[in-house]
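Chain residues, written in single-letter form:
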Amino acid sequence: QVQLVESGGGLVQPGGSLRLSCAASGSIFSIYVMGWYRQAPGKQRELVTTITSGGSTKYGDSVKGRFTISRDNANNTVTLLMNNLKPEDTAVYYCNADGVRIGLYTYQYWGQGTQVTVSS
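Residues numbered from 1 in each chain as written. Predicted model: local features only at pLDDT ≥ 70, side-chain atom pairs only at ≥ 80, totals over all residues. Heavy atoms only, no water.

### Considering the state of the cysteines
What counts here: Any cysteine sulfur atom paired with another within 2.5 Å is treated as part of a disulfide. Runs of E in the DSSP output that reach at least two residues are strands. Runs of H or I that reach at least four are helices, and both are numbered from the N terminus.
Taken as a whole and judged by the stated rule, the model has 1 disulfide. Between the sulfur atoms of Cys 22 and its disulfide partner Cys 95 the distance amounts to 2.0 Å. Judged by the torsion about the S-S bond (-85°), the Cys 22/Cys 95 disulfide is left-handed. With Cys 22 in strand S3 (residues 18–25) and Cys 95 in strand S9 (residues 91–102), this residue pair connects regions lying 73 residues apart in the sequence.

Here's what the structure looks like:
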C-alpha cells in the first residue's frame, strides 16, 4: 500500500509564501513523476507543476516564475515553494505520484489534498 502524505497548507496574505511537502511511503521501487495539482471551488483540477526522477520540470502558465518544485528521489519526497501568492491561487492542492513502480507494475497515486487560502 502506497500513501502520499501532504503538509504545509494554510492561510497566507497576498504576496506571501508557502511551502508544501509530500512524502510517498510504501513498498516503492521508484517513482517516475511527482507533482502537484489544484482544484478551486467550481473548477476542474489543473496542473500546477511536475518533476521527473531526472529533474525535468513542467509548470502551469499561471504559476511560472512564482512557484518552484524540487524533489528528493532517495526519500520519495517532493516540495513546492510558492512565492508571491495571489487570491486566485486559493485551492485544494493535491500531491500526485505517477509511474510508481511496485514489483512488475506501475501505478498512479493521489494525496488527500491540502487547503491553500490566499486572502487578506
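The structure having been displayed, the exposition proceeds.
### Structural notes on the pattern of salt bridges
Using the following cut-off: By definition, a salt bridge exists where a carboxyl oxygen of Asp or Glu is found within 4 Å of a side-chain nitrogen of Lys or Arg. For each residue, the accessible area found with a 1.4 Å probe, counting protein chains only, is set against the maximum for its type, and the residue is called buried under 20%, exposed over 50%, and partly exposed in between.
Scanning all chains against the criterion turns up 4 salt bridges. With a closest N to O distance of 2.7 Å, Glu 46 and Arg 38 form a salt bridge. For Glu 46, a relative accessible area of 36% translates into the label partly exposed. Residue Arg 38 is joined to Asp 89 by a salt bridge in which the shortest nitrogen-to-oxygen separation is 2.9 Å. Highlighted residues: Arg 38 in strand S4 (residues 30–39) and Asp 89 in the loop between strand S8 (77–82) and S9, separated in sequence by 51 residues. By the burial criterion, Arg 38 is buried, and Asp 89 matches it. Overlapping salt bridges, with partners in common, bring together Arg 38, Glu 46, Arg 66 and Asp 89 in one network.

### Topic: a nonpolar patch on the surface
The condition that has to hold: A patch consists of residues exposed above 30% relative accessible area that lack any salt bridge, with like charges linked at up to 9 Å and nonpolar side chains (Val, Leu, Ile, Met, Phe, Trp, Tyr) linked at up to 5 Å. Note on areas: Shrake-Rupley with a 1.4 Å probe; residue coverage comes only from the protein chains shown.
Nonpolar side chains collect at one region of the surface, where Leu 104, Tyr 105 and Tyr 107 lie side by side and expose about 380 Å² of accessible area between them. Checked against the element boundaries, Leu 104 lands in the loop between S9 and strand S10 (105–110). Residue classification places Leu 104 among the exposed residues on the basis of a relative accessible area of 73%.

### What to know about the environment of Ser 53
Definition in use: A contact between two residues is defined here by any heavy atoms of the two lying within 4.5 Å.
In this structure, Ser 53 sits in the loop between strand S5 (46–52) and strand S6 (57–59). Note: C-alpha distance between Ser 53 and Arg 71 (18 residues apart in sequence) is 8.0 Å. Apart from residues lying up to four places away in sequence, Ser 53 is in contact with Ile 31, Tyr 32, Arg 71 and Asn 73.

### Digging into the sheet that holds strand S7 (residues 67–72)
By way of backbone hydrogen bonds, the strands of a sheet pair with one another, either parallel or antiparallel. Rules: Here, any two strands with at least 2 DSSP bridges between them count as paired. Fitted lines through C-alpha atoms serve as axes, helices being fitted only where they are in contact, and the angles separating the N-to-C directions of these axes extend from 0 to 180 degrees.
Taken together, 4 strands build an open sheet; the order of strands is S1-S3-S8-S7 and the sheet is antiparallel. Each edge of the open sheet carries a strand with a single partner, namely strand S1 (3–7) and S7. When strand polarity is set aside, the average angle formed by the axes of neighbouring strands in this sheet is 15°. With 6 bridges connecting them, S3 and S8 associate as antiparallel partners. For Ser 21, the partnering residue across the bridge sits in S8 and is Thr 79.

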